[in-house]
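Examining the three-dimensional arrangement
Each chain, written out:
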Amino acid sequence: MSITEHAVLPVVPGREVEFEAAFAEARPIISAMPGCLEVRLLRCFEEPSKYLLLVEWESIEHHTEGFRGSDEYGRWKQLLHRFYEPFPLVEHFGEVRG
C-alpha cells in the first residue's frame, strides 16, 4: 500500500510567483527519488498564498529516510524552505480499506 504525504504550505503573501518558480525547479528533485510515485501541488482558492503538497510514496521510509536522508534534500530545502511562515506540518496518510 502506498503512503500519501500531505503538507499545507503557508507561503509568505506576495511571494507566490517566486515560490511557484522555485517549486518548478524543485519538483524534479523529489520526483526522481526512489519510491516517489506522484507529486501534486495545489493552490487554495480562498487563500491564494496557501498551497497543498501531496506526494505519493511507495512507503513512509522512502520519504522519511530515503528523501530526507539524501543529499538532494539539502537542495530541496535551499529552494523552498525560505518561503514558509510558519513552517508546514507534514503528515502521512494511508488508504482505509473497508
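Counted according to the given criterion, the structure contains 6 salt bridges. Ionic pairing is found between Arg15 and Glu18, a salt bridge with its closest N-O pair at 3.2 Å. For Glu25, the salt bridge identified is with Arg75, shortest N-O distance 2.6 Å. Of this pair, Glu25 sits in helix H1 (residues 16-31) while Arg75 sits in helix H3 (residues 71-80), and the two are 50 residues apart along the sequence. Taking the relative accessible area as the measure of exposure, Glu25 reaches 44% and is therefore partly exposed. Each of Arg15, Glu18 and Arg82 takes part in salt bridges that share partners, so that together they form one network.

Now for the nonpolar core. Buried together is how nonpolar side chains tend to be arranged in soluble globular proteins. Core analysis: the biggest nonpolar cluster contains 23 residues, and Phe19, Leu53, Phe67, Trp76 and Leu80 have the highest contact counts within it. Broken down by secondary-structure element, the contributors of at least two residues to this core are strand S1 (3-10), H1, strand S2 (36-43), strand S3 (50-57) and H3. Ranked by the residues each element gives to this core, the list is headed by H1, at 6 residues. Here Phe67 is in contact with Ile29, Ile30, Met33, Trp57, His62, Tyr73 and Trp76, once residues within four sequence places are set aside.

Calculation notes
Residues numbered from 1 in each chain as written. Predicted model: local features only at pLDDT ≥ 70, side-chain atom pairs only at ≥ 80, totals over all residues. Heavy atoms only, no water. Salt bridge = Lys/Arg side-chain N within 4 Å of Asp/Glu carboxyl O. Helix = DSSP H or I, 4+ residues; strand = E, 2+ residues; numbered from the N terminus. Buried < 20%, exposed > 50% of the residue type's maximum accessible area, 1.4 Å probe, protein only. Core = buried A, V, L, I, M, F, W, Y, C linked by side-chain atoms within 4.5 Å. Contact = heavy atoms within 4.5 Å.

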